[in-house]
Amino acid sequence: MLRLKFPQLLAVAALSTLGYQSTSAAMFEDNDARRQINVLTESVKNSQRAIFDLTNSFERSVQENAKLRGRIEELERTVDDQKHNLKIYYSELNDRIKLLEPVGIEIEGVKGKAQPAEKELYDLALIEFKDGNAVKAEGMLTQFINAYPNSPYWPVAQYWLSVSKYASKDYKGSIAAGNALIKGFPEHPRVPQTLLNIANCLFESNQKAEGRKTLELLIKSFPESKSADTARLALSKIK
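Worth saying up front: this structure is predicted, and the values here are computed from it rather than measured.

Thresholds, definitions, all that
Residues numbered from 1 in each chain as written. Predicted model: local features only at pLDDT ≥ 70, side-chain atom pairs only at ≥ 80, totals over all residues. Heavy atoms only, no water. Helix = DSSP H or I, 4+ residues; strand = E, 2+ residues; numbered from the N terminus. Expected span 1.5 Å × (residues − 1). Buried < 20%, exposed > 50% of the residue type's maximum accessible area, 1.4 Å probe, protein only. Contact = heavy atoms within 4.5 Å. Axes fitted to C-alpha atoms, helices over the stretch in contact; angles between N-to-C directions. Parallel < 35°, antiparallel > 145°, perpendicular 65-115°, else oblique. Left-handed = near helix turned anticlockwise from the far one by under 90°. Nonpolar A, V, L, I, M, F, W, Y, C, P; charged D, E, K, R; others polar.

A. Highlighting helix 6 (residues 191–204). Here helix 6 spans 20 Å end to end across 14 residues, near enough to the 20 Å set by a 1.5 Å rise per residue. With 10 of its 14 residues buried, helix 6 lies for the most part within the structure. For helix 6, the set of buried residues is Val191, Pro192, Thr194, Leu195, Leu196, Asn197, Ile198, Ala199, Cys201 and Leu202. Looking at the buried residues of helix 6, the elements they touch are helix 4 (154–167), helix 5 (171–184), helix 7 (208–221) and helix 8 (226–238).

B. Spatial organisation of the packing of helix 2 (residues 116–130) against helix 4. Running from amino to carboxyl end, helix 2 crosses helix 4 at an angle of 25°, the nearest separation of the two axes being 11 Å. Classified by the interaxial angle, the pair formed by helix 2 and helix 4 is roughly parallel. Helix 4 is crossed by helix 2, and the crossing has left-handed handedness. Seen from helix 2, the contacting residues are Tyr122, Leu126 and Phe129; seen from helix 4, they are Val156, Ala157, Trp160, Val163, Ser164 and Ala167. Class assignment of the residues belonging to the contact of helix 2 with helix 4 gives a composition of 8 nonpolar, 1 polar and no charged.

C. Inspection of helix 3 (residues 134–147) at higher detail. For helix 3, which comprises 14 residues, the first-to-last C-alpha distance of 20 Å matches the rise-based estimate of 20 Å (1.5 Å per residue) to within 8%. Among all positions of helix 3, only Ala134, Ala137, Glu138, Met140, Leu141, Phe144 and Ile145 are buried.

Quick look at the structure:
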């Protein structure tokens, strides 16, 4: 059996100690590296999760922005449609207002402003009279005269009221309507016809003397009128 001397034993022991220390240092360094790798790995995973979350958040933001843009575009279209509809509404409203506004006209020498509604009522009353509905025409003409006392149509409406009442044999009413026209508009071109109509009412009421006086007044006041010619003819027949 080989025996080592004491100095040799010391050398072997020293070498063994150095080998153990080198192995321990290597193991320590390996563990530290693993810990660092694990830390780095976890950090990378965290970064990846953060990037994934940011990506999802960005995509959601993009989608929400797209929805918002779509909603804004829809609202803009709605506003444009409303503006267009308002323009049409105000244009139509302006046209309606114009139809209601009085316009300056001249009716048989009488100037004034008339609303479309009053002309319409006057025209309807004449249509009724011409269709033979004298009583209905009277009602509409009376309504017109009361509603539009300052209308340029008022004198002719008064004349036709007198004629309508004569047609329905309301002689007293006819005379009253005729006198209202003569009093209000003594120079109106319908006055000669009105006087002739009043004379007829008086004759129909057996007031021949008053009827004759009315015809004579007509001839004296309006000698060149056609109504005066008719009055002369009537007087010649009475004699």
